[in-house]
Every structure is written in C-alpha cells, then in structure tokens.
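Coordinate analysis (summary)
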Amino acid sequence: MKRLITVAAAQLGPIQKAEGRDVVVARMVRLLEQAHRKGAHVVVFPELAFTTFFPRWYVEDLDEADGWYEQTLPSPATQPLFDAIRRYGLTCYLGYAEIAHEPDENGVLRKRRFNTSVVIAPSGEIVLKYRKIHLPGHKEFSTLRKVQHLEKRYFEVGNLGFPVVRAPVGPVDGVNLGMLICNDRRWPEAWRELGLQQVELTMLGYNTPAVNQENRGFEAHHLRNFHSQLSIQAGCYQNATFGVGVAKAGNEDGFELMGHSIIVNPQGEIMAMATSWDDELVVADCNLAMCELGRTTIFNFAQHRRLEAYQRLASQTGSSAPAVWQPGQGEV
Ligand code: CDV
C-alpha cells in the first residue's frame with residue numbers, strides 16, 4: 001500500500017553578514033507559501049538558516065556573537081515563520097544556532113551553544129531536536145587558512161544523540177523522521193544510527209563552501225558537489241530511507257557556498273535537484289512504502305549485521321597503521 005507524502009527542499013540563497021532576521025524570515029515565509037501551492041506536506045530548510053554562515057568570522061569573546069544565536073524559538077523575529085507553518089499545515093525542518101541555559105556534563109548550569117535543528121509540527125509545536133555531532137573546522141584563529149571555519153569555537157558537540165521520532169506528516173499517520181546537520185552526512189555511522197531506528201525520511205541542511213578551504217592540497221571544484229551527493233545517496237541506499245539535503249547557497253560577502261539541494265529515494269537515486277544558487281524550492285512525491293524493500297532484504301540489519309566483527313567502530317576514534325608484512329612471514 002502506498003504511503004505518499006510530498007517533500008520540499010527549501011534552498012536559501014546567500015544571507016549577507018549585515019542582513020537581519022526580518023529579511024531572511026520573510027524569504028522563508030515566501031518559500032513556505034510556494035510549498036503550500038505545490039502541495040508539499042514537509043519542508044526542509046538549511047543549516048543555520050537565519051543568518052550568514054558566521055563560523056567563517058572570528059570573534060575573541062563569544063558573548064559578542066550572541067546575535068547570531070536564538071535564545072528562544074520562536075522569538076518575536078521568527079514568529080512569522082511559525083505562523084506560516086500553522087497557516088499552511090506544514091511539517092518543517094529548521095536549522096539554527098541555539099543558546100541553551102542548561103547543566104553541562106558536570107552538572108554545572110551554564111550558557112551553552114549548539115548547532116541545532118528541529119522538526120516543527122503543523123501546530124507550530126517542536127516535535128524533535130537534534131544538535132550537530134560532527135563539527136568540522138577548528139577552535140582558534142588559523143593563520144594557515146584563507147577562510148576560517150570556526151564551528152569548534154562557536155558550538156559544543158551535540159549531546160542528544162541521533163534521535164528518530166514517528167509523527168504524522170500530511171496524509172500519513174506515522175512517518176519515522178530523523179535529522180542530520182551538514183558535515184554529519186559524510187559519516188556513515190551517523191546514517192546507521194538513524195537506520196537502526198528505521199528512519200524513513202532523513203532531513204539535513206548544509207552550508208558547504210564551494211571550494212575546499214583546508215589549503216592542504218588541490219581538490220577539483222566539481223568534487224565538492226560530487227562528495228556531498230555521494231554521501232547522501234549512499235546514506236539513503238544503505239539505510240533504506242528517503243533523504244533531503246538542503247543548501248544555503250551563493251555568494252555571502254565574497255565567500256561562495258555550493259547549492260545542488262537534492263531529494264533522494266531509498267534506492268539512492270536523485271529524484272529532484274536545485275539548479276540555482278538562490279532561494280529555490282524543489283519538490284518530489286515520496287512513497288514511504290519504498291523503504292520496506294531495502295529494510296527487509298539486503299539491509300535487513302537483524303539478519304545480516306555482524307556486531308562481533310565491528311569492535312573498532314565504537315572503541316577507536318583515529319585510524320591506526322596495520323601490521324607490516326615481511327616476505328617469508330606467511331599469513332598475518
Ligand atoms: N557546515 C559544515 O559542516 N560544512 C562542512 C565543510 C566545512 C566541509 C561540510 O561538511 O559541508
């Protein structure tokens with residue numbers, strides 16, 4: 001039996017450093033209107049959707065950067081977005097920078113900063129929260145880089161694991177919804193955490209520089225998009241889930257972010273793709289029943305996974321060099 005929902009990737013064009021939330025929220029509301037007109041049930045926005053990709057800018061004192069973060073959701077500035085979600089009866093994925101006043105791992109109450117996403121129900125209620133786990137970049141100003149990537153300065157590692165929830169979406173009573181944020185999409189462990197909870201729709205937003213900024217050797221420009229799509233398509237196929245990867249794209253104060261937002265099916269095929277580096281909505285009809293084939297055959301985890309052979313996965317972080325074989329030694 002078909003379980004059909006219409007999914008929209010709401011790509012955002014660039015947001016300049018000087019631009020305020022009022023301008024961005026109005027653009028997002030326009031995308032929600034379009035999504036409604038096109039019959040979408042769920043809309044996915046990018047990572048850190050309300051601001052420019054601020055981790056490229058160094059600040060000495062993080063308290064001076066509070067303006068990039070949300071202290072409450074909704075706030076007076078973001079309320080129009082929640083009003084539109086309610087008006088159009090949409091489920092929504094939203095990425096934002098979060099300030100939370102909560103105890104740390106030592107039980108000390110303090111101001112904490114996370115790169116966060118939420119699922120918002122058509123009622124405006126927040127259904128599920130995820131805090132980004134794979135934070136790329138560095139903590140201190142780097143003189144080796146042309147462009148800073150200070151996510152490790154601006155955010156703590158997420159402390160909510162990889163949650164999945166079953167919630168109604170449009171005409172379908174229960175859809176297993178999961179989230180990743182940007183760099184997480186490159187890590188198979190993150191997808192597998194969701195796959196082990198039978199995720200059916202994996203939503204993720206990203207801000208990915210259009211060229212590799214690491215400055216450690218040449219990477220051809222087209223590979224940026226290739227690696228992004230490769231990761232999302234493989235994650236969807238290997239975990240029998242639909243996936244929606246949504247960019248913040250374009251030229252932000254002279255720094256380019258790639259676009260190519262995509263909707264992917266559980267076979268790993270791209271169903272729809274953005275073609276601009278601007279605000280753009282792409283839509284696809286997703287039959288969630290398609291998730292069953294992979295989940296019950298080649299990726300039937302209960303039948304085929306071999307935990308006894310995966311010791312390193314949860315006990316070792318960095319790679320280690322293998323034993324060196326010498327001629328005449330025989331089989332190692
Ligand atoms: N915002 C990100 O997480 N960006 C990374 C870049 C730095 C590689 C990404 O994985 O797209």
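About the thresholds
- Residues numbered from 1 in each chain as written.
- Predicted model: local features only at pLDDT ≥ 70, side-chain atom pairs only at ≥ 80, totals over all residues.
- Heavy atoms only, no water.
- Core = buried A, V, L, I, M, F, W, Y, C linked by side-chain atoms within 4.5 Å.
- Buried < 20%, exposed > 50% of the residue type's maximum accessible area, 1.4 Å probe, protein only.
- Helix = DSSP H or I, 4+ residues; strand = E, 2+ residues; numbered from the N terminus.
- Contact = heavy atoms within 4.5 Å.
- Near = heavy atom within 4 Å.
- Polar contact = N/O pair within 3.5 Å; in protein donor to acceptor, adjacent residues only side chain to side chain.
- Nonpolar A, V, L, I, M, F, W, Y, C, P; charged D, E, K, R; others polar.
- Salt bridge = Lys/Arg side-chain N within 4 Å of Asp/Glu carboxyl O.
- Expected span 1.5 Å × (residues − 1).
- UniProt positions renumbered as here; feature names shortened; annotations may be inferred.
- Arc of directions from axis to C-beta.
- Phe/Tyr/Trp six-rings, centres within 6.5 Å; stacked < 30°, edge-to-face > 60°.

Turning our attention to the nonpolar core. A general trend in soluble globular proteins is that nonpolar side chains are found buried together. Membership of the largest hydrophobic core comes to 47 residues, with the highest contact counts inside it found for Ile5, Val7, Leu177, Leu201, Met203, Val244 and Ile263. The element that contributes the greatest number of residues to this core is strand 7 (residues 172-181), accounting for six residues. In this structure Ile263 touches Val7, Ala9, Gly243, Val244, Glu269, Ile270, Met271, Ala272, Val282, Val283, Ala284 and Cys286, once residues within four positions along its chain are discounted. By size, the runner-up hydrophobic cluster in this structure holds 29 residues, among which are Val24, Met28, Phe82 and Tyr88.

Around the ligand sit 13 residues, and of these Lys132, Cys182, Asn183, Arg186 and Thr208 come closest. One of the side-chain N or O atoms of Arg185 is found 3.3 Å from an oxygen atom in the ligand. Asn207 has a polar backbone atom sitting 3.1 Å from a nitrogen atom of the ligand. Considering only residue class, the shell around the ligand consists of three nonpolar, four polar and six charged.

Tallied over the entire structure, the rule returns 25 salt bridges. A salt bridge links Arg56 to Glu252, with the shortest nitrogen-to-oxygen separation between them at 2.9 Å. Note that Arg56 is positioned in the loop between strand 2 (42-44) and helix 2 (79-88) and Glu252 in strand 10 (residues 250-252), a separation of 196 residues in sequence. The exposure classification of Arg56 matches that of Glu252, with both residues buried. Note that Arg224 and Glu219 form a salt bridge whose closest N and O atoms lie 3.7 Å from each other. Residue class for Arg224 comes out buried when judged on its relative accessible area of 15%. Through salt bridges that share partners, Glu98, Glu102, Asp104, Glu105, Arg110, Arg112, Lys129, Arg131 and Glu156 make up one connected network.

Quick look at helix 1 (residues 21-37) now. In this model helix 1 runs 24 Å from its N-terminal to its C-terminal C-alpha over 17 residues, within 8% of the 24 Å that 1.5 Å per residue would give. For helix 1, the set of buried residues is Arg21, Val24, Val25, Arg27, Met28, Val29, Leu31, Leu32 and Ala35. Looking one or two residues beyond helix 1, the residue adopting positive phi is Gly39, at roughly 80°.

What follows concerns unusual backbone geometry. The omega angle of the peptide bond from Leu73 to Pro74 is -5°, so this bond is cis rather than trans. Mapping Pro74 onto the fold places it in the loop between strand 2 and helix 2. Positioned with a positive phi, Gln198 is a non-glycine residue whose angle comes to about 55°. Of note, Gln198 is situated in the loop between helix 4 (188-195) and strand 8 (201-206).

Moving on, we come to the UniProt feature "domain: CN hydrolase" (unreviewed entry) in the chain. UniProt tags residues 5-288 as "domain: CN hydrolase" (unreviewed entry). Annotation note: span residues 5-288, helix share 20%, strand share 32%, distance between end C-alpha atoms 8 Å.

Further remarks concern helix 5 (residues 222-239). Counted at 1.5 Å a residue, the expected span for helix 5 with its 18 residues is 26 Å, and the 26 Å between its end C-alpha atoms agrees. Listing the buried residues of helix 5 in full gives Arg224, Asn225, Ser228, Gln229, Ser231, Ile232, Gly235, Cys236 and Asn239. Within helix 5, the buried residues cover an arc of 155° as seen down the axis, which keeps them to one side. Tucked into the core, helix 5 has its buried residues touching helix 4, strand 8, strand 9 (242-247), strand 12 (262-264), strand 13 (270-273) and helix 7 (301-304). Once helix 5 ends, the next one or two residues include Ala240, with phi positive near 50°.

Another point: the packing of aromatic side chains. Any aromatic ring pair is given by two values, namely how distant the centres are and how the planes are angled relative to each other. This structure, assessed with the given rule, holds 10 aromatic pairs. Where Tyr69 meets Phe155, the ring centres are 6.1 Å apart and the plane angle is 65°; that geometry is what we call edge-to-face. Of this pair, Tyr69 sits in the loop between strand 2 and helix 2 while Phe155 sits in the loop between helix 3 (151-154) and strand 6 (164-169), and the two are 86 residues apart along the sequence. Considered together, Tyr69 and Phe155 belong to a single accessibility category, that of buried residues. Measuring from ring centre to ring centre gives 5.0 Å for Tyr237 and Phe299, while their planes differ by 80°; the resulting arrangement is edge-to-face. A residue pair is termed long-range when its members are at least 10 positions apart, and Tyr237 in helix 5 and Phe299 in the loop between helix 6 (291-296) and helix 7 qualify at 62 residues. Residue classification places Tyr237 among the partly exposed positions, given a relative accessible area of 33%. By relative accessible area, which is 17% here, Phe299 ends up buried. Clustering of aromatic rings is evident, with ring pairs tying together Phe54, Trp68, Tyr69, Tyr154 and Phe155.

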